[in-house]
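Given next are the chains, with one letter for each unit.
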Amino acid sequence: MTIQLPQRYADRACVNTIREVFDYIRRYKGKTFVLKIEDTLIDYPLFPLLMKDIVQLHDMGIHLVIVTGTRATIKRHLAKARCHTKVFNGVRITSNSAMAHVKLAAMEVAQTIISHLSTGNANGITGNWIRARTLGVCEGQDYQYTGHVEKIQFDIIHKLLAQNFIPVVYNIGMNATGDFYNLNSDQIARQICLDLTIEKLFFIRAQDAIPTKGVEIPPGSQIHPNGEIFSNMDLGHVNFMLGKNKEHLSFENQALLAHSKEVIDRPKGVNRVHVIDGRKEGRLLQEVFSSIGGGTLIYGNQYAHIRQATLDDIPEILHLLDGYVKKGNLVLRRASDIKKQIHAYYLYAVDHAIYGCGALYELGDGWAEIGAVAVNDTYKSKGIGRGVVQYLIQTARQKELKTLFLLTTQAADWFFEFGFAWASPSKLPESRQKGYDFERNSRVLLLKL
Ligand SMILES: CC(C)(COP(=O)(O)OP(=O)(O)OC[C@H]1O[C@@H](n2cnc3c(N)ncnc32)[C@H](O)[C@@H]1OP(=O)(O)O)[C@@H](O)C(=O)NCCC(=O)NCCS
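Criteria and thresholds
Residues numbered from 1 in each chain as written. Predicted model: local features only at pLDDT ≥ 70, side-chain atom pairs only at ≥ 80, totals over all residues. Heavy atoms only, no water. Helix = DSSP H or I, 4+ residues; strand = E, 2+ residues; numbered from the N terminus. Expected span 1.5 Å × (residues − 1). Buried < 20%, exposed > 50% of the residue type's maximum accessible area, 1.4 Å probe, protein only. Contact = heavy atoms within 4.5 Å. Pairing = 2+ DSSP bridges. Salt bridge = Lys/Arg side-chain N within 4 Å of Asp/Glu carboxyl O. Near = heavy atom within 4 Å. Polar contact = N/O pair within 3.5 Å; in protein donor to acceptor, adjacent residues only side chain to side chain. Areas by Shrake-Rupley, 256 points an atom, 1.4 Å probe, with all protein chains shown as cover. Nonpolar A, V, L, I, M, F, W, Y, C, P; charged D, E, K, R; others polar. Phe/Tyr/Trp six-rings, centres within 6.5 Å; stacked < 30°, edge-to-face > 60°. Core = buried A, V, L, I, M, F, W, Y, C linked by side-chain atoms within 4.5 Å. Domains from an automatic or database assignment. Axes fitted to C-alpha atoms, helices over the stretch in contact; angles between N-to-C directions.

Novice: Hey, could you go over helix α11 (residues 314-327) for me, with residue numbers and the actual values?
Specialist: With 14 residues, α11 extends 20 Å from end C-alpha to end C-alpha; this agrees with the ideal 20 Å at 1.5 Å per step. Listed as buried for α11 are I314, I317, L320, L321 and Y324. Those residues of α11 that are buried are in contact with α12 (335-340), β19 (345-350), β20 (353-364) and β21 (367-375). Just downstream of α11, G328 is the residue with a positive phi angle, here 90°.

Given below as structure tokens:
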């Protein structure tokens, strides 16, 4: 029997998406993600679907640690018991009587999560894996049973992950003498990322990702087409936000950005932090399996996206250049040409998706040519081309090259921005003059380093 696939499956875009997903699966198998899930999401109708997506990630071989946010449930339990607590500097003061309700709320949320996991045949497990300490007295305020995380018993978490469990970590910790403390779940997620090797940290919330409203936009950061939230931020942008925009950020977003910075900016730190709105269907899968997520992605720095190409990248490079060759922007390069000079190619890649590329061909005597600069149509005008060219110029400087040049038919104006200036083909090194295609009549631009 033959199966006729619907036409849409033959679409190139669809095939590319499938390839992208395969790449991501290969990349993340065996890696660990930390998911901090806000309890407010539990009441949303699509919450079971979010939990199903989480189970699918687990089934795919991704190790998961879930940290539960409990704020709304604690509030509800305290209100029901008419137990009044004070909030100081955004932190709840936990009295001895309030602590009993905090423990109940924490267990309730953790059990709900575990029950959703078991619906999908995944085994969630909770335990007391956090050593905590009191926040003590600050600015004259005694925080009583509100504490902070001292350390995580990561050896136990490692063992559970190896046995295919999903550790569900709630916001209660104990000191050495067995006293319980009420902890901040974002801090727990942060500490897990500091103590274990974590690929990604997700903050899954019942609100939008990092908003742009009212803030001065950090130059070079990327914003979603709707203009309302940031799509990409590097640590430079995070510093900008925490400096210039601090008063425009909620307490929670300030803390979240500060935690993100801390977990990324260290040797073997977390690769990416994702802030997503868990109320929107499929956001988690979109963030994991596609290069265009629906939330805010925080990463090391812009150049962290740029890497040297390898032979495995050749099909993607050809695919990227192909459209521009047909339009006449770029000269034709065959796989064998790229293979010969693969060390000269640099890619702007987010996870496995290639957004852009550029090449730096060294010609000897301090000369190098910039070529094959191209950005995927979907990601144009986001500073990616600029990032690639700046990186190539910086690399040329590091290599102590003296002169850069390039040939272009349609992008001369764009290259002026980087300091390139007109030159005649006769200024090119002799070897390159020989290969100059007078019929194509490309403009020659030079940059003295
Ligand atoms: C040229 C190219 C690499 C720019 O990449 P990009 O990531 O979109 O560029 P950036 O985001 O850094 O810069 C975008 C700005 O450059 C401008 N720009 C893009 N192409 C331009 C061109 N050919 N001439 C003049 N300006 C251009 C855009 O209008 C935009 O301006 P804005 O910021 O005022 O909106 C990309 O458009 C491309 O792949 N073009 C086809 C291939 C090509 O021509 N390569 C260069 C041949 S050597």
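Novice: Residues and numbers for the pairing of strand β16 (residues 272-277), please.
Specialist: Most of β16 sits out of view: 6 of its 6 residues are buried. Where burial is concerned, the two faces of β16 agree: the one with R272, H274 and I276 and the one with V273, V275 and D277 are both buried. Here strand β13 (residues 200-205) pairs with β16 via 6 bridges, running parallel. Across the sheet, the residue bridging to L201 is V273, located in β16. For β16 and strand β17 (residues 296-299), the ladder comprises 3 bridges, and the chain directions are antiparallel. Residue H274 lies in a different strand from β17, and its bridge partner there is L297.

Novice: Explain unusual backbone geometry residue by residue, including any values.
Specialist: Keep in mind that most residues, glycine aside, have a negative phi and that most peptide bonds are trans. The phi angle at Q144 is positive, at roughly 50°, despite the residue not being glycine. Positive phi is not limited to glycine here, since E400 has a value of about 60°. Taking relative accessible area as the criterion, E400 reaches 61% and is therefore assigned exposed.

Novice: Break down the side chain of T32 for me, citing the residues and quoting the values.
Specialist: Here T32 is to be found in strand β1 (residues 32-37). Discounting chain neighbours no more than four positions away, the residues touching T32 are H63, V65, L161, T197, I198, E199 and K200.

Novice: An account of the pattern of salt bridges is needed here, citing residue identities and associated values.
Specialist: A complete count under the given rule lists 16 salt bridges for this structure. Between R432 and E369 there is a salt bridge whose closest N-O contact spans 2.5 Å. Taken together, the residues span a long stretch of sequence, with R432 in helix α15 (residues 430-435) and E369 in strand β21 at a distance of 63 residues. Look at R432 and you get buried, because its relative accessible area is 19%.

Novice: Explain the site of the ligand residue by residue, including any values.
Specialist: Around the ligand sit 18 residues, and of these V373, V375, S381, G383 and G385 come closest. Separating an oxygen atom of the ligand from a backbone N or O atom of R386 is a distance of 2.9 Å. A distance of 3.2 Å separates an oxygen atom of the ligand from a polar side-chain atom of W414. Contact with the protein chains removes 71% of the 900 Å² of surface that the ligand exposes when unbound. Elements supplying a minimum of two residues to the shell around the ligand: β21, α13 (384-398) and α14 (412-416). Here the residues of the shell around the ligand are counted per class, giving 9 nonpolar, 5 polar and 4 charged.

Novice: How would you explain the packing of aromatic side chains if you had to name every residue and give the values?
Specialist: Counted according to the given criterion, the structure contains 15 aromatic pairs. An angle of 75° between the planes, with centres 5.0 Å apart, marks the rings of W414 and F415 as edge-to-face. Assessed through its relative accessible area of 6%, F415 is described here as buried. By the ring-pair criterion, three or more aromatic residues cluster together here, those being Y24, Y28, F33 and F202.

Novice: Hey, could you go over the nonpolar core for me, with residue numbers and the actual values?
Specialist: L35, I37, I54, L117, L284 and F420 are the most contacted members of the largest nonpolar core, which has 70 residues in total. Sorting elements by how many residues they give to this core places helix α5 (residues 96-119) first, with 10 residues. In this structure, this core is formed jointly by two domains, domain 1 (17-304) and domain 2 (305-448), each of which donates at least three residues. In this structure I54 touches L35, I37, L64, I66, L117 and L284, once residues within four positions along its chain are discounted. Core analysis: the second largest hydrophobic core is formed by 42 residues, I130, V215, L235 and M241 among them.

Novice: Quick one: what's the story with the sheet that holds strand β22 (residues 403-408), residue by residue and with numbers?
Specialist: An order of β18-β19-β20-β21-β22-β24-β23 is seen for the 7 strands of this open sheet, with the pairing classed as mixed. The open sheet has two free edges, formed respectively by β18 (306-308) and β23 (421-423), since each of these has just one partner strand. Adjacent strand axes in the sheet meet at a mean angle of 35°, parallel and antiparallel pairs treated alike. Looking at chain direction, β21 and β22 are connected through 3 bridges and run parallel. Bridge pairing links A368 to L404 in β22.

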